[in-house]
Amino acid sequence: MNTSTPSPRTPCIHPSILNADFANLARELSRISTADAVHVDVMDNHFVPNLTMGLPVVESLRKATDLPMDIHLMIEDPDQWAPQYAELGCESVTFHAEAAKAPVRLARELHARGTKAAMALKPATGIDQYLDMLGELDMVLLMTVEPGFGGQAFLDLVLPKIRRARRAVDDLGGEIAIQIDGGVNAETILRAAEAGADTFVAGSAVYSAEDPDAAIADLRGLLTG
Ligand SMILES: O=C(CO)[C@H](O)[C@H](O)COP(=O)(O)O
Ligand SMILES: [Fe+2]
């Protein structure tokens with residue numbers, strides 16, 4: 001166990017384009033130029049009851065922006081698909097623990113392709129069984145809504161899991177990011193930050209604003225006081 005207190009990570013805002021105008025994605029990306037990364041929700045209508053985009057669209061998005069790309073795969077069989085997203089040059093690829101057959105091997109395959117590896121847990125999936133493999137990851141994503149749709153209400157029942165993850169990550173030196181996704185807005189973000197999250201996905205809170213970059217600045221302002 002690491003006995004020194006790790007210094008807190010600088011909070012990051014990753015807007016999700018799930019609620020952006022899909023007919024104008026390049027323009028929508030230009031409206032979040034101050035984001036730390038763009039969060040891209042890939043859904044296959046099997047792991048979740050919704051369908052968004054796949055490799056060809058993500059490849060085009062990659063060419064349309066200089067922002068780092070944070071790919072959230074809500075798909076079956078990430079063991080097969082996730083490495084192909086890594087090969088597009090995405091900053092991070094997140095697969096779901098509930099869908100991965102061999103999460104440790106998959107995290108290593110993502111690293112071998114030069115991408116950060118992240119694993120997501122749905123709200124009802126416990127973290128304890130995954131603590132031993134946290135060191136294989138650059139980021140853990142704790143879903144604060146049931147995955148599948150934007151615009152849902154933040155689930156406070158995930159807060160104890162965020163606290164547990166924070167303790168485990170700090171024991172490992174604090175380098176692993178703790179991301180939350182779902183229902184993040186000006187009313188909920190501080191509760192998640194106080195519990196230990198440091199990377200915040202916000203979809204509707206950013207894209208329902210007239211000026212998405214201003215909405216990012218407002219969320220950042222709440223975090224930095
Ligand atoms: O993964 C997701 C849904 O499964 C989205 O990233 C998330 O819902 C963002 O949208 P909002 O901030 O509106 O909840
Ligand atoms: Fe997401």
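Scoring rules and cut-offs
Residues numbered from 1 in each chain as written. Chains lettered and ligands numbered in written order. Predicted model: local features only at pLDDT ≥ 70, side-chain atom pairs only at ≥ 80, totals over all residues. Heavy atoms only, no water. Helix = DSSP H or I, 4+ residues; strand = E, 2+ residues; numbered from the N terminus. UniProt positions renumbered as here; feature names shortened; annotations may be inferred. Contact = heavy atoms within 4.5 Å. Polar contact = N/O pair within 3.5 Å; in protein donor to acceptor, adjacent residues only side chain to side chain. Buried < 20%, exposed > 50% of the residue type's maximum accessible area, 1.4 Å probe, protein only. Near = heavy atom within 4 Å. Areas by Shrake-Rupley, 256 points an atom, 1.4 Å probe, with all protein chains shown as cover. Nonpolar A, V, L, I, M, F, W, Y, C, P; charged D, E, K, R; others polar. Core = buried A, V, L, I, M, F, W, Y, C linked by side-chain atoms within 4.5 Å.

Regarding unusual backbone geometry
In step 1: Unlike most non-glycine residues, Asn45 shows phi in positive territory, near 60°.
In step 2: Here Asn45 shows up in the loop between strand S2 (38-43) and helix H2 (55-64).
In step 3: Although it is not a glycine, Asp77 adopts a positive phi angle of roughly 55°.
In step 4: Residue position: Asp77 is located in the loop between strand S3 (69-74) and helix H3 (78-86).

Looking at the UniProt feature "active site" (unreviewed entry) in the protein chain
In step 1: Taking the numbering used here, the UniProt-annotated feature "active site" (unreviewed entry) corresponds to Asp41 and Asp181. For the annotated residues, spread through 141 residues, the largest C-alpha to C-alpha distance comes to 10.5 Å, consistent with a single compact locus.
In step 2: When you line up the elements, Asp41 lands in strand S2.
In step 3: Filtering out sequence-adjacent residues up to four positions away, Asp41 remains in contact with Ser16, Leu18, Thr52, Met53, His72, Met74 and Asp181.
In step 4: Polar side-chain contacts of Asp41 include one of 2.9 Å to the side chain of His39.
In step 5: Among the secondary structure elements, Asp181 is positioned in strand S7 (residues 177-181).
In step 6: Here Asp181 falls in the buried class, since its relative accessible area comes to 8%.
In step 7: The contacts of Asp181, once residues within four sequence positions are left out, are His39, Asp41, His72, Leu141, Leu142, Met143, Thr144, Val145 and Val201.
In step 8: In terms of polar contacts, Asp181 uses its side chain to reach the side chain of His39, at 3.1 Å.

As for the site of ligand 1
In step 1: Residues in contact with ligand 1 amount to 20 residues; listed here are only the nearest, Gly148, Gly151, Asp181, Gly203 and Ser204.
In step 2: Within the contact set of ligand 1, an oxygen atom lies 2.9 Å away from a side-chain nitrogen or oxygen of Asp41.
In step 3: His72 has a polar side-chain atom sitting 3.3 Å from an oxygen atom of ligand 1.
In step 4: Relative to its unbound accessible surface of 360 Å², ligand 1 loses 100% to contact with the protein.
In step 5: Elements with a minimum of two residues in the shell around ligand 1: S2, S3 and strand S8 (199-202).
In step 6: Counting residues per element, the shell around ligand 1 draws most heavily on S2, at three residues.
In step 7: For the shell around ligand 1, the per-class residue count stands at eight nonpolar, ten polar and two charged.

What about the nonpolar core?
A general trend in soluble globular proteins is that nonpolar side chains are found buried together.
In step 1: One finds Ile17, Val40 and Ile162 to be the most contacted residues of the largest nonpolar core, which totals 62 residues.
In step 2: When residues no more than four places from it in sequence are discounted, the contact partners of Val40 are Ile17, Met53, Val58, Leu61, Met69, Asp70, Ile71 and His72.
In step 3: Core analysis: the second largest hydrophobic core is formed by six residues, Leu18, Met43, Met74 and Ala99 among them.

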